[in-house]
Amino acid sequence: MMLGNACTRRCGFCAVPKGRPDPIDFDEPRRVAEAVAILELKHAVITSVNRDDDILGGARAFALVIGEIRRQAPGCQVEVLIPDFQGNEEAIRIVVEAQPEMLNHNTESVPRLYRVVRSGARYQRTLRLLQYAKIVDPRMVTKSGVMVGLGEEMHELLEVYRDLAGVGTDVLTIGQYLRPSKDHLPMTRYYTPEEFAFMREEALSMGFRHVESGPLVRSSYHAHEQAVSTGVTLLT
Ligand code: SF4
């Protein structure tokens, strides 16, 4: 995770420390790529805290890390899990034009719960980001994730999957929310394996190319396998 240890957002489910971050360190992408090379990774998932204080700087850091991984670890696929950049199209374009193998932006929850789950984010902005990435580059493989167990209803989740499929999202991850501490949003219930299987089948019928759905699924769960099944991988 790049761009510092403090996030400018306060999502109710997230344990990342919140606060005023230091200025962006533009040497960090080089060091991250160096680590990717030393670890001989085949698929690297790069994410960051939100940097509402320097949106374009955050986007440039993602572009830099993609370029540095190409240079230092050729053959390694790059998946970027990006913040919403407040919907700034120039920022989204900067990242897409750096050509990661996969562009991930999580939806996290249903629109009714956005205010408590993702304060500072907007549901339509998330959809628009995923849609705009495809406008910039129709070949860009896009991905999004949702947590369940925050108080949503099944029909609301299916509506979200339909919306994501409607903007051409290729890969969907669905996982159980687990409360990091008593200071975070409470979990309303556990979903059953049958419910996860049901959601997977429903989502696949909506047109996703790959769906991971299960209690322990997280955004980067089986990330390499997702890349293989969506045909973006050059590796075996
Ligand atoms: S934007 Fe990301 S890192 Fe920041 S609080 Fe929300 S989930 Fe956590």
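As the structure is a prediction and not an experimental result, all values here were calculated from the model.

Is there a simple way to explain the site of the ligand in this structure?
The environment of the ligand is made up of Cys7, Arg9, Arg10, Cys11, Cys14, Val16, Val49, Asn50 and Pro83. By residue class, the composition of the shell around the ligand is 6 nonpolar, 1 polar and 2 charged.

Looking at this model, I keep getting lost on the environment of Glu28. Mind explaining?
Looking at where Glu28 falls in the secondary structure, it is placed in helix α1 (residues 28–38). A count of 17 C-beta atoms within 10 Å places Glu28 in the partly exposed class. Other than its neighbours up to four places away in sequence, Glu28 contacts Met2 and Ala61.

Explain the nonpolar core to me, please; I cannot follow it from the model alone.
Soluble globular proteins tend to pack their nonpolar side chains together in the buried interior. The biggest cluster of nonpolar side chains holds 64 residues, and the ones touching the most others in it are Phe62, Val65, Ile69, Val80, Val95, Leu103 and Leu172. Per-element accounting of this core gives the leading share, 8 residues, to helix α2 (residues 55–72).

Got a minute to help me understand helix α3 (residues 89–97) in this structure?
Owing to its 3.6 residues per turn, the α-helix brings residues three or four apart onto one side. Burial in α3 covers these residues: Ala91, Ile92, Ile94, Val95 and Val96. For α3, the secondary structure elements touched by its buried residues are α2, β2 (77–81), β3 (102–104) and α5 (123–136). The first or second residue beyond α3 is Gln99, which carries a positive phi of 60°.

What should I look at first to understand unusual backbone geometry in this one?
Most peptide bonds adopt trans geometry, and most residues besides glycine take a negative phi value. Look at Gln99: it is not a glycine, yet its phi comes out positive at around 60°. Within the secondary structure, Gln99 sits in the loop between α3 and β3. Non-glycine residue Glu108 carries a positive phi angle of around 70°. Tracing the sequence through the fold places Glu108 in the loop between β3 and α4 (114–117).

Quick question: what am I supposed to make of the sheet that holds β2 here?
Pairing within the open sheet is parallel, and its 6 strands lie in the order β1-β2-β3-β4-β5-β6. Both edges of this open sheet fall to β1 (43–47) and β6 (210–214), since each of them pairs with a single strand only. Between one strand and the next, the sheet's axes are offset by a mean angle of 20°, whatever the strand orientation. Packed on one face of the sheet, helix α7 (residues 193–206) meets β5 (171–176) and β6 and runs near 165° to β6.

Explain the environment of Asp170 to me, please; I cannot follow it from the model alone.
The topology assignment puts Asp170 in the loop between α6 (154–166) and β5. Asp170 gets classed as buried once you count the C-beta atoms within 10 Å, which come to 24. It is 29 Å that separates the C-alpha atoms of Asp170 and Thr8, two residues lying 162 residues apart in sequence. When neighbours within four sequence positions are excluded, Asp170 is seen to be in contact with Val141, Thr142, Lys143, Phe208, Arg209, His210 and Thr230.

Procedures and definitions
- Residues numbered from 1 in each chain as written.
- Predicted model: local features only at pLDDT ≥ 70, side-chain atom pairs only at ≥ 80, totals over all residues.
- Near = placed C-beta within 6 Å.
- Nonpolar A, V, L, I, M, F, W, Y, C, P; charged D, E, K, R; others polar.
- Helix = DSSP H or I, 4+ residues; strand = E, 2+ residues; numbered from the N terminus.
- Buried ≥ 20, exposed ≤ 12 C-beta atoms within 10 Å, placed from the backbone.
- Contact = placed C-beta atoms within 7 Å.
- Core = buried A, V, L, I, M, F, W, Y, C linked by C-beta atoms within 7 Å.
- Pairing = 2+ DSSP bridges.
- Axes fitted to C-alpha atoms, helices over the stretch in contact; angles between N-to-C directions.

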